[in-house]
Amino acid sequence: MVEEKVRNALEKAKEKALEEKDYIMEVVRCLHEQFGGYAPPEALELAAQFLEVSPSKLYEIATFYSLYTLRKEAKHVIRVCTSLPCHVAGGREIIETLKKELNIDFGQVTPDGMFKLEEVGCLGRCDTSPNMMVDGTLYKDLTSEKVTAILEAYRKGVIE
Amino acid sequence: MKIKVAADPKSVLEGSLEIANYFGYLSGVHHVQVDVERDANLGNCVGGILVDINGEKYKVRDKKEAAMLFVQGVILRKKVKDLAVKKVLPPEESRITPEVLIVKRNFGKYRDIDGYIFLGGYEALKKALKMKPEEIVEEVKNSGLRGRGGAGFPTGLKWESALKEKASEKFVVCNADEGEPGTFKDRMIIEEDPHALIEGIAISAYTVGANKGYIYIRGEYSDVAENLKRAMEEAYDRGFLGEDILGSGFDFELVLRFGGGSYIAGEETALLESIEGRAARSRFKPPYPTQKGLFGKPTVVNNVETLVKVPWIILNGAEEYRKYGTESSPGTKLFSICGKANKKVVVELPLGVTLREIVYAYGEGIYGEGELAMVQTGGKAGTFVSKEKLDVKLDFDAIKEGVSLGSGAITLIDDKSRFLDIALNVIEFFEHESCGKCVPCREGTFLVRKIISKMVEEGKVDCDALQEIERIVLIMKDSSLCGLGQSVHNPIISLIRMLERGEVA
Ligand SMILES: Cc1cc2nc3c(=O)[nH]c(=O)nc-3n(C[C@H](O)[C@H](O)[C@H](O)COP(=O)(O)O)c2cc1C
Ligand code: SF4
Ligand code: FES
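These lines cover the structure that appears in this document, whether it is placed above or below. Here the structure is a predicted model, which is why all the values come from computation and not from measurement.

Let's talk about the interface of chain A and chain B
If you look at the interface, chain A gives 36 residues, while chain B gives 56 residues. Taken together, the two surfaces of chain A and chain B that pack against each other cover about 3700 Å², and 53% of this comes from carbon and sulfur. When the buried area of chain A at its contact with chain B is split by residue, A:L18, A:F64 and A:L84 rank highest and sum to 17% of it. For the pair chain A and chain B, the number of links is five salt bridges. Its salt-bridge partner being B:D223, residue A:R125 comes within 3.3 Å of it at the nearest N-O pair. The tally of links from chain A across to chain B stands at 22 residue pairs in polar contact (both at pLDDT 80 or more).

A word on the site of ligand 2
Residue and element names in this part refer to chain B. Taken together, 13 residues lie around ligand 2, and C435, K437, C438, C441 and C482 are the ones closest in. Counting atoms within 2 Å of the grid points, the majority share of ligand 2 lands in the largest cavity. Partitioning the shell around ligand 2 into residue classes produces seven nonpolar, five polar and one charged.

Observations concerning the pairing of strand β9 (residues 332–339) of chain B
All names here are of chain B. The buried count for β9 comes to eight of eight residues, which makes it a mostly enclosed element. Neither face of β9 is left uncovered, since the one carrying T332, L334, S336 and C338 and the one carrying K333, F335, I337 and G339 both have all their residues buried. The pairing of β9 with strand β10 (residues 346–350) spans five bridges and is classified as antiparallel. Within the sheet, the bridge partner assigned to K333 lies in β10 and is L349. Between the antiparallel neighbours β9 and β10 lie six residues. Examined bridge by bridge, β9 and strand β13 (residues 409–414) share four bridges and lie parallel to one another. Bridging from a neighbouring strand, I337 pairs with I410 of β13.

Comments concerning the layout of surface pockets
Residue and element names in this part refer to chain A. Put simply, the second largest pocket is a space of about 810 Å³. Lining the second largest pocket are 30 residues, and of these H32, G37, L67, R79 and D135 sit closest to its centre. Mapped by element, the contributors of at least two residues to the lining of the second largest pocket are α2 (24–35), α4 (55–64), β1 (76–81) and β2 (115–120). Looking at which element gives the most residues to the lining of the second largest pocket, the answer is α2, with three residues. Here the lining of the second largest pocket is built from residues that sort into nine nonpolar, 10 polar and 11 charged.

Things to note about the nonpolar core
By size, the foremost hydrophobic cluster in this structure holds 81 residues, and its most contacted members are A:L31, B:F384 and B:I469. A per-element tally of this core places helix α15 (residues 419–433) of chain B first, with nine residues. With residues up to four places along the chain from it excluded, the contact list for A:L31 reads A:V6, A:A9, A:Y38, A:A39, A:A43, A:L44 and A:A47. The next biggest cluster of nonpolar side chains, apart from the first, holds 68 residues, and it includes B:A196, B:I198, B:A225 and B:V346.

A word on a nonpolar patch on the surface
Together, B:V71, B:I75 and B:L76 make up a nonpolar patch on the protein surface, roughly 230 Å² of accessible area in all. As for its placement among the helices and strands, B:I75 is situated in helix α3 (residues 63–75).

Here we look at the site of ligand 1
All names here are of chain B. Residues in close proximity to ligand 1 total 19 residues, the closest being G149, K158, N302, N303 and T306. The separation between a nitrogen atom of ligand 1 and a polar main-chain atom of G266 is 3.3 Å. Surface burial for ligand 1 is 90%, taken as the share of its 610 Å² of free accessible area covered by protein chains. Among the elements of the structure, β8 (299–303) and α18 (483–487) are those that each provide at least two residues to the shell around ligand 1. For the shell around ligand 1, the element with the highest residue contribution is β8, accounting for three residues. Partitioned by chemical class, the residues of the shell around ligand 1 number four nonpolar, nine polar and six charged.

Section: helix α19 (residues 489–500) of chain B
Residues and elements named next belong to chain B. End to end, α19 covers 16 Å across 12 residues, agreeing with the expected 16 Å (1.5 Å per residue, within 8%). Extensive coverage of α19 is indicated by the burial of 10 of its 12 residues. Every buried residue of α19 is accounted for by H489, N490, P491, I492, I493, S494, L495, I496, M498 and L499. The secondary structure elements touched by the buried residues of α19 are β11 (372–377), β12 (383–386), α15, α17 (463–479) and α18. Positioned one or two residues after α19, G502 has a phi angle of 75°, which is positive.

So, the packing of helix α8 (residues 185–192) of chain B against helix α10 (residues 222–237) of chain B
All names here are of chain B. Orientation of α8 relative to α10, taken along the N-to-C sense of each, is 40°, at an axis distance of 8 Å. What the angle tells us is that α8 and α10 run oblique. Along this stretch, α8 crosses α10, giving a crossing that reads as left-handed. Every residue of α10 that contacts α8 at R187, I190 and E191 is listed here: V224, N227 and L228. Its residues assigned to classes, the contact of α8 with α10 comprises three nonpolar, one polar and two charged.

Overview of the side chain of B:E305
Residue and element names in this part refer to chain B. Turning to its location among the elements, E305 is positioned in helix α12 (residues 304–316). A distance of 2.8 Å separates the side chain of E305 from the side chain of K309, its partner in a polar contact. A distance of 3.0 Å separates the side chain of E305 from the backbone nitrogen of L334, its partner in a polar contact. Excluding residues that lie within four positions of it along the chain, E305 makes contacts with V103, R148, K185, D186, I189, T332, K333 and L334.

Considerations on the pattern of salt bridges
Residue and element names in this part refer to chain B. All chains considered together, the criterion is met by 55 salt bridges over all chains. For the salt bridge of E468 with R471, the shortest nitrogen-to-oxygen distance reads 3.1 Å. With E468 and R471 both in helix α17 and three residues apart, the pair spans about one turn of that helix. Judged by relative accessible area, which is 31%, E468 ranks as partly exposed. Among the ionic contacts, a cluster of salt bridges with common partners joins R148, K185, D186, E305, K309 and K333.

Brief notes about the sheet that holds β10(B)
All names here are of chain B. Reading across the sheet, the five strands line up as β10-β9-β13-β11-β12 and stay open at both edges, with mixed pairing between neighbours. Of all strands in the sheet, those with a lone pairing partner are β10 and β12, marking the two edges. Between one strand and the next, the sheet's axes are offset by a mean angle of 30°, whatever the strand orientation. Packed onto the sheet, helix α14 (residues 355–362) meets β9, β10, β11, β12 and β13 and runs at close to 120° relative to β11.

Analysis parameters
- Residues numbered from 1 in each chain as written.
- Chains lettered and ligands numbered in written order.
- Predicted model: local features only at pLDDT ≥ 70, side-chain atom pairs only at ≥ 80, totals over all residues.
- Heavy atoms only, no water.
- Contact = heavy atoms within 4.5 Å.
- Buried area = accessible area lost by both parts, 1.4 Å probe.
- Salt bridge = Lys/Arg side-chain N within 4 Å of Asp/Glu carboxyl O.
- Polar contact = N/O pair within 3.5 Å; in protein donor to acceptor, adjacent residues only side chain to side chain.
- Near = heavy atom within 4 Å.
- 1 Å grid on protein atoms, 1.4 Å probe; cavity = no way out; pocket = protein on both sides within 12 Å on 5 of 7 lines; lining within 4 Å.
- Sits in = over half its atoms within 2 Å of the grid points.
- Nonpolar A, V, L, I, M, F, W, Y, C, P; charged D, E, K, R; others polar.
- Buried < 20%, exposed > 50% of the residue type's maximum accessible area, 1.4 Å probe, protein only.
- Helix = DSSP H or I, 4+ residues; strand = E, 2+ residues; numbered from the N terminus.
- Pairing = 2+ DSSP bridges.
- Points joined across faces, edges and corners; volume = space filled by probe spheres on them.
- Core = buried A, V, L, I, M, F, W, Y, C linked by side-chain atoms within 4.5 Å.
- Patch = residues over 30% accessible without salt bridge, like charges linked within 9 Å, V, L, I, M, F, W, Y side chains within 5 Å.
- Areas by Shrake-Rupley, 256 points an atom, 1.4 Å probe, with all protein chains shown as cover.
- Expected span 1.5 Å × (residues − 1).
- Axes fitted to C-alpha atoms, helices over the stretch in contact; angles between N-to-C directions.
- Parallel < 35°, antiparallel > 145°, perpendicular 65-115°, else oblique.
- Left-handed = near helix turned anticlockwise from the far one by under 90°.

This is how it looks when you write it as structure tokens:
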């Protein structure tokens, strides 16, 4: 099961190789696709074995970059933009609403394991500030009411 | 009922569109049906914005007066004597700098490669492939094109130094990491004109003699990248990428790489580290990437906007490009207007345009109740500019007056924002994004953040602490390894100056 996913990830990553070792980042990204949002240590170890590189190379990437993680910590990861353009355009209230609704702070997971809340820098969508991303889906022009409705939709499973 | 608001150039630059939008906002708040018309022929008045309600002329200086006029003149239908105007001057003729569409030339005009070719696409590549690399370098040098990723390095010189390097292999890299807060122009280009980008990259590769290239796009743009992927496939199918391009004998392979959510990966040497499969930490310079870049080979890194200008310059010539902009900063620049702006858009204007024009004529001022307090130019690493300084001309020289051009981000900030709130927001970002490789930046961002956090907790500004902050960010400026640590002083010191002048509380 793990091996199959790792092989799939390696195959996909290699498709776009121009150089011997230019696709390591791509491997970690493809592992996240295969495992649904994270790259477990055993997969990294196995991938390193197949690639004949030290596992620490893959760990370095999986831990340095904020979009990558070793564990599935929550069903959904909420990344809310805290940069100034969103901040002055209503982002402050959005963050307050999120923290209040979820009853957690940045970096924490709700007790039911449903949501993790993370702060991120500008998402490059400041034409629709304030913005947040949930598992790669962008939600824009946010208001507190919208945020409440979006969370509700995830809780009820209306959005998977 | 109808409200006419003066919209001649003079009035627009004084914020009349903002007032017009505000009347729209008030009509929503008060549930009153009114027609707000922006009238370029209404004329204007001295020291305020001319407004016409049922033939009565009024002068409005700010949103407070506009609200008073709305309540008394529109809702209560009274004549508002305090604001009445006696003398109406003829509309102003002086011009507002119009948009020049070089980068935006194809925006909204095509869906696939056939559409692009119909618009004259890939003609520049054909022309370039018949030119000598030295001739292309000369043309780009003559155009005076400077990098649009923030540093403003002359593109022709960069290409020339890579061309001169003797190496078995060279690379070109397109920097599509766009992480500078407030910047979304490169995303727009990738959404609206991916082929011009591919064409620009192919020309840069041919010029410096690179057969391999990468587009490094931030991970958060994976949906946007789909458009680019499709365009690249089309370009391969038609022979604009791949082997023996258009029968010229020139081979060029171009692939896409995704970032993993890291601001510092946008710094060119950190970006190369990332492609090589490591954490994005900046390298010491020199050697510069043009000498020793990706996998130790000569590498040219260019921003998306820089590259999209190249096909236009090849087709229209350096002289034509120099017709726009200023002597030191020729051509156009994309500005992304955001924050509390009424209109959050990407506009393309000749360099040397005033900040006032961008803020009022294109951004239409601030929405909602507040008033404009300041603008941050150039992204989070850029400078805070008070509303008293809006007449500054934006180009690469503006930094001499304490205004940075940077990535072209223009963030409008209202008077509800407090000094400590903004300062904390700024420093938290840099602390979080510092790659930690060098001590001044790693420790400096941490220390400054701690000092500001303490002031936030105490709820008051401490002058000694501000001095300490200045000292630290200036040390960072001189001793940090890369542009991140070196530029933290821009926002921090410009903001402190505004506090000292009483322009922010
Ligand atoms: C912290 C930091 C972040 C940067 N981020 C970007 C970026 O997101 N996109 C970009 O094009 N350049 C960015 N740059 C500038 C690049 O290092 C480099 O100067 C640029 O890509 C060169 O291309 P140009 O000459 O066409 O501007 C960044 C620089 C620093 C110091
Ligand atoms: S200045 Fe900051 S971001 Fe740049 S290398 Fe040093 S620690 Fe890293
Ligand atoms: S600042 Fe939030 S998306 Fe740019």
